[in-house]
Amino acid sequence: MSHRPIQTLLNANEEWAQSVVKDTPDFFSRSATCQNPKILWIGCSDSRVPESIITASKPGDIFVHRNVANQFHLHDDSALSVLSFAVKEVGVEHVVLVGHTNCGGAMACVEAAKVAATNPSASTPLTRWLSPLTALVRSLDLSACSANEALNKVVKANIIKQVDNICKSEPITTAWADPHAKKVTVHGWMYDLAEGRIKELVVRDSQA
């Protein structure tokens, strides 16, 4: 097993840190004292969707939670704790749920939905994690869609579903019910891997 990829990362980090200090000598000393991001990014673990890079952001700009297929399950303590901390402690003003084209998790759910009735797959952490998305796929009419059209339809439906889940969560309902709380808006975005651009699909706030 080669350790070259690890050493490459460490070397790149050293070069990056030196360049930041050269441009802004006090950047790290200021960054170490606090964070004040206005955005919570809930996205996919896919390596092709690094939130800071595709939005040209700096450390401290975005609070982040990522998982396979950008899910937000209402029983998932990991996602709920991130959302709660971001809204109640960090004070974010925008929560963005970001899906992307050619999502491997969504693709797996499309395939799982086709075979589930006749050949149920074994239960694994991944299949359990994706089971709500597989159920969502089964609820969609994809019969007239090409493979690419079907996948895009699933990705978009998944984004909207996860936005709905976020809006039903305790941190958001509590924030929206409190007239004195900081206003929080929930967004659903889709990132196009082939174009490198983000499209906003849906926006929700306390007035919606």
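Please refer to the structure higher up on the page.
Quick caveat, the model's predicted, so the values are computed rather than measured. (Residues numbered from 1 in each chain as written. Predicted model: local features only at pLDDT ≥ 70, side-chain atom pairs only at ≥ 80, totals over all residues. Heavy atoms only, no water.)

Colleague: Break down the packing of helix α5 (residues 104-115) against helix α7 (residues 147-168) for me, citing the residues and quoting the values.
Modeller: Viewed as axis vectors pointing N to C, α5 and α7 meet at an angle of 110 degrees, and their least axial separation amounts to 10 Å. The angle between α5 and α7 falls in the class roughly perpendicular. As α5 runs across α7, the sense of the crossing is right-handed. Here A106, M107 and V110 of α5 come into contact with α7, specifically with L151, V154 and V155. (Axes fitted to C-alpha atoms, helices over the stretch in contact; angles between N-to-C directions. Helix = DSSP H or I, 4+ residues; strand = E, 2+ residues; numbered from the N terminus. Parallel < 35°, antiparallel > 145°, perpendicular 65-115°, else oblique. Left-handed = near helix turned anticlockwise from the far one by under 90°. Contact = heavy atoms within 4.5 Å.)

Colleague: Lay out the sheet that holds strand β4 (residues 185-192) with the relevant residues and their values.
Modeller: Reading across from one edge, β2-β1-β3-β4-β5 is the order of the five strands in this open sheet, with mixed pairing throughout. Across the chains shown, the open sheet's two edge strands, defined by having one partner strand only, are β2 (62-67) and β5 (197-204). The average angle at which neighbouring strand axes cross in this sheet is 25 degrees, direction not considered. Of the strand pairs in this sheet, strand β1 (residues 39-44) and β2 are connected by six bridges, and their pairing is parallel. In the sheet register, I42 faces β2, and the bridge partner there is H65. (Pairing = 2+ DSSP bridges.)

Colleague: Please give an account of the packing of α7 against helix α8 (residues 170-177) that cites residues and values.
Modeller: One can describe the packing of α7 onto α8 by two numbers: an axis separation of 5 Å at closest approach and a directional angle of 60 degrees. Relative to α8, the element α7 is oriented oblique. When α7 is examined against α8, the residues I166, C167 and K168 are found in contact with a partner set consisting of E170, I172, T173 and W176. For the contact of α7 with α8, the residue count by class is four nonpolar, one polar and two charged. (Nonpolar A, V, L, I, M, F, W, Y, C, P; charged D, E, K, R; others polar.)

Colleague: Tell me what's going on with the nonpolar core, and back it up with residues and numbers.
Modeller: With 41 residues, the main nonpolar core has L40, L83, V95, L133, I166 and I172 as its most contacted residues. Of all the secondary-structure elements, those providing two or more residues to this core are β1, α4 (77-90), β3 (94-100), α5, α6 (125-139), α7, α8 and β4. No other element matches α7, which puts nine residues into this core. In this structure, V95 is in contact with L40, I42, L83, I166, I172, V184, T185, V186 and H187, ignoring residues within four places of it in sequence. Among the nonpolar cores identified, the runner-up in size contains seven residues, and V49, I62, V96 and Y191 belong to it. (Core = buried A, V, L, I, M, F, W, Y, C linked by side-chain atoms within 4.5 Å. Buried < 20%, exposed > 50% of the residue type's maximum accessible area, 1.4 Å probe, protein only.)

Colleague: Explain the pattern of salt bridges to me, using residue names and the numbers behind them.
Modeller: Oppositely charged side chains can pair when the atoms bearing their charge come close. In total, this model carries six salt bridges according to the counting rule given. Across the pair D26 and R30 runs a salt bridge whose closest N-O atoms are separated by 3.0 Å. Note on R30: relative accessible area 45%, which makes it partly exposed. Close ionic contact of R66 with E51 constitutes a salt bridge, the shortest N to O distance being 3.2 Å. Of this pair, R66 sits in strand β2 while E51 sits in helix α3 (residues 51-54), and the two are 15 residues apart along the sequence. Looking at R66, the relative accessible area reads 29%, which means it is partly exposed. (Salt bridge = Lys/Arg side-chain N within 4 Å of Asp/Glu carboxyl O.)

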